[in-house]
Amino acid sequence: MRTLQNIHLTRIDHGFSLTYENRLILRHTPDAPCLWAGAGVADIEMFRGNFSIKDRLDEKIALTHATVSDQPDGWAIRFTRGDAVSATLDVSADDKGRLTLTLRNDAARHNRLWLRLAANPEDHIYGCGEQFSYFDLRGKPFPLWTSEQGVGRNKQSHVTWLADCKENAGGDYYWTFFPQPTFVSTQKYYCHVDNSCYMNFDFSAPDYHELAFWEDNATLRIECAPTYIILLEKLTALLGRQPALPDWVYDGVTLGIQGGTEVCQQKLDVMRQGGVKVNGIWAQDWSGIRMTSFGKRVMWNWKWNSERYPQLDTRIAQWKREGVQFLSYINPYVASDRDLCEAAARRGYLTKDAQGQDYHVEFGEFYAGVIDLTNPEAYDWYKEVIKKNLIELGCGGWMADFGEYLPTDTHLHNGVSAEIMHNAWPALWAKCNYEALQETGKLGEILFFMRAGYTGSQKYSTMMWAGDQNVDWSLDDGLASVIPAALSLAMSGHGLHHSDIGGYTTLFEMKRSKELLLRWCDFSAFTPMMRTHEGNRPGDNWQFDADRETIAHFARMTTIFTTLKPYIKQAVEQNARTGLPVMRPLFLHYEHEARAYTLKYQYLFGRDLLVAPVYEEGRRDWTLWLPEDNWVNVWTGETCAGGEVTVEAPLGKPPVFYRAHSDWASLFSSLRHI
């Protein structure tokens, strides 16, 4: 056995075992190899951001023989199978002491690798980006590919079947806007893969995790810690952390409104007169609209449409003086029939097809060109579009939408295959927005929020939102799905998350009910940001100003949210400093409670609030679990030491408890009187 910085390698006949910080990471014998090599051809079809992905696999070969060679900084392990097949694994520690595993195929024809990491049957696994159906990933494979999240996302549901029949858009449990090749094990280590190729992390086997890479190389980084909190601090030190939010975010709800300057003013007046705390107006149709069979769509020509929004520039200044920001919308594509696309094409700034012509993507009854963000000139030009058309106008923020749609058959300026760049694209898009703020001195003042992400989004995306949930009560694609999404993203290193109040996707006779909107509002008051959305078919959905009771409900919940401002703000600042997320799984603070590892629909909001949103229609009570501690019901003042409890949960009083010994106890107790 040889030891290097807490890495131990022990040779055995034609094999080895590798441990790191007393965790078994790899074990290889001829009968139980840890590495396979092979060759395949990706068969990837995209339709409106929905992907059908198959591998035409030619071979998958177990590399049964391993020869270990000492290196000055670690070991080189050559895996073989006969004379024709080989691959190499370099084992070392980086400058921070992280275990680094570098894999490469030696045969030119091989472009696939499968590595099996050792596991224990009792391990729980979290992360892999934003996962909506599962929080503990143990027992299932998770393909990692950024795409639309899918409508329904459960192959057993009628809505998913309808969406699949219509556009192959139903999705499955693993479809996500924000995948990431990072997981955290309850052995208290994280494993992060640097690559951006298509991957499949399979956590089904009891004694190993099989990681599949559609590439001829892979680099893994592994780090351990004595607690999950320290582990997340280490993970976010590697990946980056989000800056603190602008102060105005905590001052109320951002109202999603469409229809023009006067419509925005009228709805703002109604809500403020009703006592609602409003921090902003988010008008995604600021650049105009396009009507399609899907519903009302934004005009993808990123400039102020003065016909739809007359005098917007002066009104933005007025609203800002009144403490109300104006937020707009942009994405990294430009409508093919508009002048911004023409300007990009004239400069050669669009991605190309195989014949060298501009590549245009069908987005649902219209086409758009793809800005080639790998071209430094195109990247800088688009950054200037953001600076001039959004920042100079006075926008306090915007939705930086999409990022998942990069077609795998387009050709990029940097020469890298679009199949490899596809996952990396959302982080590159985030970087473009981030630098626009940074270079204008607006970082910390202006906020952009995204749905798509990948490794690197931690550094550059100032806020994530959960994307396009159904306006229904479904577990996999409704209100409930947002909670594991936030928690899995938190365990992947991104600690700021919110969602459209009431959901977005309105299809197949779905209609947002009043009850769903109010329950979602209750939940959102205990997240870092409150923001509404009309949905893709606003007329089919109950809206925030639909009646006096709804307005009064928003008034109460926004007052609760703004009352919590100092508490939420310190949690956000802690995320910026240490990477500890704002919405947290219970086991971060209650490691010794076995039940804490299985919960996916309740969370800690900061250290001292426990939230269990009601996500079933018609309920007026709710059962939740409390870890052992001294808890106080926010609404009644009743105390509890822990365990399973059932509480009354009328609209406007979601199940929320606070720690009795919290430094914020007096603030929390004041919520009872709102």
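Every value quoted in this text rests on a predicted model; they were computed, and no experiment measured them. Counting starts from 1 at the beginning of each chain's written sequence and moves along it residue by residue. With the structure being a predicted model, the display of local features is reserved for residues of pLDDT at least 70 and the display and counting of side-chain atom pairs for 80 or more, all residues being used for whole-chain, interface and lining totals. Just so you know, side-chain values use all the structure's heavy atoms and leave hydrogens and water out.

Moving on: the pairing of strand 20 (residues 278–282). The buried label goes to any residue with under 20% of its type's maximum accessible area, the exposed label to any with over 50%, and the partly exposed label to all in between, with areas taken from a 1.4 Å probe on protein chains only. Comment: elements are numbered from the N terminus, with helices defined as DSSP H or I runs of at least four residues and strands as E runs of at least two. Most of strand 20 sits out of view: 5 of its 5 residues are buried. Two strands are said to pair when DSSP picks up at least two bridges between them. The pairing of strand 19 (residues 253–256) with strand 20 spans 4 bridges and is parallel. Along strand 20, the bridge assignment pairs Val253 with Val278. With the strands pointing away from the viewer, any crossover whose connection runs clockwise from the first strand over the helix to the second is right-handed. Each parallel crossover has a hand, and the one from strand 19 via helix 3 (residues 261–273) to strand 20 is right-handed. Of the strand pairs in this sheet, strand 20 and strand 23 (residues 325–330) are connected by 3 bridges, and their pairing is parallel.

On to the sheet that holds strand 26 (residues 367–370). Across the sheet, which stays open at both edges, the 3 strands sit in the order 24-26-25 with antiparallel pairing between neighbours. One side of each edge strand has no neighbouring strand; the edge strands of this open sheet are strand 24 (333–335) and strand 25 (360–362). Looking at each pair of strands side by side, their axes are set apart by 40 degrees on average, direction ignored. Where helices are involved, their axes are fitted lines through C-alpha atoms of the stretch in contact, as for all axes, and angles between N-to-C directions lie from 0 to 180°.

The next subject is the packing of helix 6 (residues 376–391) against helix 7 (residues 418–439). In the contact formed by helix 6 and helix 7, the axes pass within 9 Å of each other and the chain directions differ by 55 degrees. Taken together, the axis directions place helix 6 and helix 7 in an arrangement best described as oblique. In terms of crossing hand, the pair formed by helix 6 and helix 7 is right-handed. Side by side, helix 6 and helix 7 meet where Tyr379, Tyr382, Lys383, Ile386, Lys387 and Ile391 of the first sit next to Leu428, Trp429, Lys431, Cys432, Asn433, Glu435, Ala436, Leu437 and Glu439 of the second. As a working rule, the residues Ala, Val, Leu, Ile, Met, Phe, Trp, Tyr, Cys and Pro are called nonpolar, Asp, Glu, Lys and Arg charged, and the rest polar, with Gly in that last group. Along the lines of polarity and charge, the residues of the contact of helix 6 with helix 7 split into 9 nonpolar, 1 polar and 5 charged. Note on terminology: angles under 35 degrees are roughly parallel, angles over 145 are roughly antiparallel, angles of 65 to 115 are roughly perpendicular, and the others are oblique. Left-handed describes a crossing in which the near helix is turned anticlockwise from the far one by less than a right angle; the clockwise case is right-handed. Throughout, a residue-residue contact means that at least one pair of heavy atoms, one from each residue, lies within 4.5 Å.

Per the UniProt entry, the sites bearing "domain: Glycoside hydrolase family 31 TIM barrel" (unreviewed entry) are residues 262–568 in this numbering. Between the end C-alpha atoms of residues 262–568 the distance is 33 Å, and the span holds 37% helix and 14% strand. UniProt positions are given in the numbering used here, feature names are shortened, and annotations may be inferred rather than shown by experiment.

Turning our attention to the packing of aromatic side chains. When we look at a pair of aromatic rings, we describe it by the centre distance and by the angle of the planes. The criterion for an aromatic pair is that two Phe, Tyr or Trp rings (for Trp, the six-membered ring) have centres within 6.5 Å, with stacked assigned to planes under 30 degrees apart, edge-to-face to planes over 60 apart and tilted to the rest. Throughout the structure, instances matching the rule amount to 49 aromatic pairs. With a centroid separation of 5.8 Å and 55 degrees between ring planes, the pair formed by Trp145 and Tyr198 is classed as tilted. With Trp145 in the loop between strand 13 (141–144) and helix 1 (158–167) and Tyr198 in the loop between strand 15 (189–193) and strand 16 (199–202), this residue pair connects regions lying 53 residues apart in the sequence. Across the pair, exposure class does not vary: Trp145 and Tyr198 are buried alike. Taken together, a centroid distance of 5.9 Å and an interplanar angle of 40 degrees make the contact between Tyr382 and Trp429 tilted. Within this pair, whereas Tyr382 is found in helix 6, its partner Trp429 is found in helix 7, the two being separated by 47 residues in sequence. The class for Trp429 is buried, based on a relative accessible area of 0%. The rings of Trp300, Trp302, Tyr329, Tyr333, Phe363, Phe366, Phe402 and Tyr405 are connected pair by pair, giving a single aromatic cluster.

Another aspect to go through is helix 7. Taken as a whole, helix 7 carries its principal kink of about 50 degrees at Ala424; the proline Pro426 stands between one and four residues after it. Judged by how many residues are buried, helix 7 sits mostly within the fold: 19 of 22 residues are covered. Polar contact criterion, stated in full: a pair of N or O atoms within 3.5 Å, where within protein one must be able to donate a hydrogen and the other to accept it, and residues adjacent in sequence count only if both atoms are side-chain atoms. For helix 7, the N-terminal capping position is held by Ser417, with its side-chain oxygen 3.1 Å away from the main-chain nitrogen of Glu419. Two residues or fewer after helix 7 comes Gly441, characterised by a positive phi angle close to 70 degrees. The angle between axes fitted to the seven-residue stretch ending at a residue and the seven-residue stretch beginning at it gives the bend at that residue.

Turning our eyes to something else, we now look at the UniProt feature "domain: Glycosyl hydrolase family 31 C-terminal" (unreviewed entry) in the protein chain. Here, the residues flagged by UniProt with the feature "domain: Glycosyl hydrolase family 31 C-terminal" (unreviewed entry) are residues 579–661. Counting secondary structure, residues 579–661 comes out at 0% helix and 35% strand; the distance between its end C-alpha atoms is 24 Å.

Now for the domain arrangement of the protein chain. Where the parts come together, the accessible area they lose is often given as the size of the interface. For the domains described, the bounds stem from an automatic or database domain assignment. For the protein chain, the domain assignment lists domain 1 (7–239) and domain 2 (588–673). Between domain 1 and domain 2, the C-alpha centre-to-centre distance is 36 Å. The interface of domain 1 with domain 2 comprises 13 residues on the first partner and 6 residues on the second. Put simply, buried area is the surface a 1.4 Å probe can reach on two separate parts but cannot reach once they are joined, added for both. In total, domain 1 and domain 2 occlude about 790 Å² of area from one another, counting both sides; carbon and sulfur atoms represent 60% of this.

Let us look at helix 11 (residues 548–563). Helical periodicity: at 3.6 residues per turn, an α-helix aligns residues three or four positions apart in one direction. Helix span, expected: 1.5 Å multiplied by one less than the number of residues in the helix. Across its 16 residues, helix 11 extends 22 Å between first and last C-alpha, which sits within 8% of the 22 Å expected from 1.5 Å per residue. Looking at the buried residues of helix 11, the elements they touch are strand 19, helix 3, helix 10 (514–524), strand 31 (530–531) and helix 12 (565–578). Put simply, Asp547 is the residue that caps the front of helix 11, since its side-chain oxygen is 3.3 Å from the backbone nitrogen of Glu549.

What follows deals with the pattern of salt bridges. Salt bridges are identified by distance alone: a Lys or Arg side-chain nitrogen within 4 Å of an Asp or Glu carboxyl oxygen. Counted by the stated rule, this structure contains 49 salt bridges. We note a salt bridge from Lys267 to Asp545, for which the minimum N-O separation is 2.6 Å. Pair noted here: Lys267 is in helix 3 and Asp545 is in the loop between strand 31 and helix 11, with a separation of 278 residues, a long-range link. Of the charged contacts, one joins Lys387 and Glu439 as a salt bridge, the two residues approaching to 2.6 Å between their closest N and O atoms. With Lys387 in helix 6 and Glu439 in helix 7, the pair connects residues that are 52 residues apart, well separated along the chain. The class for Lys387 is buried, based on a relative accessible area of 12%.

Turning to unusual backbone geometry, a few remarks are in order. Positive phi is not limited to glycine here, since Glu21 has a value of about 50 degrees. Notably, Glu509 is not glycine yet its phi reads approximately 70 degrees, a positive angle. Examined against the element boundaries, Glu509 turns out to sit in the loop between strand 30 (497–498) and helix 10. With relative accessibility at 79%, the residue Glu509 sits in the exposed group.

Moving on to the nonpolar core. Here the nonpolar core consists of buried residues drawn from Ala, Val, Leu, Ile, Met, Phe, Trp, Tyr and Cys, with membership extended through side-chain atoms lying within 4.5 Å. Core analysis: the largest hydrophobic core is formed by 175 residues, its most contacted members being Trp300, Trp302, Trp398, Phe526, Phe605 and Leu609. Here this core takes 11 residues from helix 7, the largest share from any one element. Here this core spans two domains, and each of domain 1 (7–239) and domain 2 (588–673) adds at least three residues to it. Of all hydrophobic cores here, the second largest spans 51 residues; its members include Leu35, Leu117, Ile125 and Val193.

It is worth spelling out the sheet that holds strand 8 (residues 74–81) at this point. On the basis of which strands lie adjacent, the open sheet formed by 8 strands has the order 7-8-9-10-18-15-14-12 and antiparallel pairing. Looking at the sheet topology across the chains shown, the edges are occupied by strand 7 (65–71) and strand 12 (125–129). Sheet twist, expressed as the mean angle between neighbouring strand axes with direction ignored, is 20 degrees. Across 4 bridges, strand 14 (residues 179–185) lies against strand 15 in antiparallel orientation. Within strand 15, the position partnered with Ser185 by the bridge is Tyr189. Running over the sheet, helix 2 (residues 228–239) touches strand 14, strand 15 and strand 18 (217–224) and is turned about 20 degrees from strand 15.

Moving on, we come to the side chain of Glu534. Inspection of the secondary structure puts Glu534 in the loop between strand 31 and helix 11. On the basis of relative accessible area, Glu534 is assigned to the buried category, the value being 10%. Here Glu534 is in contact with Gly256, Ile257, Gln258, Arg512, Asn541 and Gln543, once residues within four sequence places are set aside.

Turning our eyes to something else, we now look at the state of the cysteines. Sulfur atoms of two cysteines make up a disulfide when they are within 2.5 Å. By the definition in use, this model includes 0 disulfides. Among the cysteines around Cys128, which has no disulfide bond, Cys191 carries the closest sulfur, lying 9.3 Å off.

Structurally, Ser474 can be placed in the loop between strand 29 (464–465) and helix 9 (482–490). In this structure Ser474 comes out as partly exposed when scored by relative accessible area, which is 24%. Counting along the chain gives 119 residues from Ser474 to Gln355, while the straight-line C-alpha distance between them is 45 Å.

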